[in-house]
Amino acid sequence: MTGTASPLTASANLDFTVTIPKFVYVRIGTGTDRANNTNVDNLVFTVPAANVGDGTAISGTGGDLTGGQVTARVTGNNGTIAFSSTTLGPLNNGSGDTISWSQMAVAVTANTSATALAHPTLVDGATTSINLTPTSGTKVTNLDARWTFSYRNQNIVPAGTYGGVNTQNGRVTYAVSMP
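Residues numbered from 1 in each chain as written. Predicted model: local features only at pLDDT ≥ 70, side-chain atom pairs only at ≥ 80, totals over all residues. Heavy atoms only, no water.

### Concerning the sheet that holds strand S10 (residues 173-177)
As a reminder, the rule being used: Two strands make a pair as long as DSSP finds a minimum of two bridges between them. Only DSSP runs of H or I covering at least 4 residues are called helices, and only runs of E covering at least 2 are called strands; the numbering of each starts at the N terminus. To define axes, lines are fitted to C-alpha atoms, for helices over the stretch in contact only, and angles between the resulting N-to-C directions are given on a 0 to 180 degree scale.
Strand order in the open sheet made by the three strands is S8-S4-S10, with antiparallel pairing throughout. Looking along the sheet, the strands with just one partner apiece sit at the ends: strand S8 (127-132) and S10. When the angles between neighbouring strand axes are averaged without regard to direction, this sheet yields 20°. Sheet topology places strand S4 (residues 81-86) next to S8; six bridges connect them, and they run antiparallel. Following the sheet pairing, Ser84 is matched in S8 by Ser129.

### Some words on the nonpolar core
Quick reminder of the rule: Side-chain atoms within 4.5 Å are what join buried Ala, Val, Leu, Ile, Met, Phe, Trp, Tyr and Cys residues into a set we call a nonpolar core. Buried, partly exposed and exposed residues are distinguished by accessible area as a fraction of the type maximum, computed with a 1.4 Å probe on protein chains only: under 20%, between the cut-offs, and over 50%, respectively. Contact criterion: two residues are considered in contact whenever any of their non-hydrogen atoms come within 4.5 Å of each other.
Phe83, Leu117, Leu132, Trp147 and Tyr174 are the most contacted members of the largest nonpolar core, which has 22 residues in total. Secondary-structure elements contributing two or more residues to this core are strand S3 (69-76), S4 and strand S9 (141-151). The element that contributes the greatest number of residues to this core is S9, accounting for five residues. Once residues lying within four places of it in the same chain are set aside, the contact partners of Leu117 are Ala72, Arg73, Val74, Phe83, Val108, Leu132, Leu143, Asp144, Ala145 and Trp147.

### Notes on the pattern of salt bridges
Convention followed: Salt bridges, as used here, are contacts in which a Lys or Arg side-chain nitrogen is within 4 Å of a carboxyl oxygen on Asp or Glu.
The tally for this structure, following the rule as stated, stands at four salt bridges. For Arg73, the salt bridge is made with Asp33, and the minimal N-O distance between the two is 3.1 Å. Of this pair, Arg73 sits in strand S3 while Asp33 sits in the loop between strand S1 (24-28) and strand S2 (58-59); the two residues are 40 residues apart in sequence, bridging distant segments of the chain. Ionic pairing is found between Arg73 and Asp144, a salt bridge with its closest N-O pair at 2.9 Å. Of this pair, Arg73 sits in strand S3 while Asp144 sits in strand S9; the two residues are 71 residues apart in sequence, bridging distant segments of the chain. Exposure remark for Arg73: the relative accessible area of 10% places this residue in the buried category.

### Remarks on the pairing of S1
Covered by surrounding structure in S1 are Tyr25 and Arg27 only, the residues Val24, Val26 and Ile28 on the alternate face being uncovered. Taken together, the five bridges between S1 and S3 define a ladder with antiparallel strand orientation. Looking at the pairing, Tyr25 lines up with Thr75 of S3.

Structure follows, in structure tokens:
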């Protein structure tokens, strides 16, 4: 700009564009947040012979937080998230005997988020789902929790190893869906 005016002014513009992708994330157990984790933790519950079926809850071993406890996290940025758990049927021992998933208790406690991530009910051979409402504004959900599993031990059942590493209906699959 040139001239004799006072003040002499000039201007220029600069435009900014920030692109945020839509994403949804679930972590159950060992892993790094917001990474593609392939590890599957194995929780093991061993009932002492003197306690079979007496209703004494049995603590587990394993899990990323040990003692049958795992980190659970769901994060997304496009509205309400449907969060589900699926089992293929009751735990079985390969000989026709079964233990219902209703015998697994889950204690939910806060981890880093103000509200703890709830656990969907475990049902034999079915999927159950809960809706997670956004925790920030109308679209962002960021929830986590510490889930501690225990075996209720309320029934006398035949001897055997029920479930296992992706065998005998021993796996729960957790999934998230977001619009």
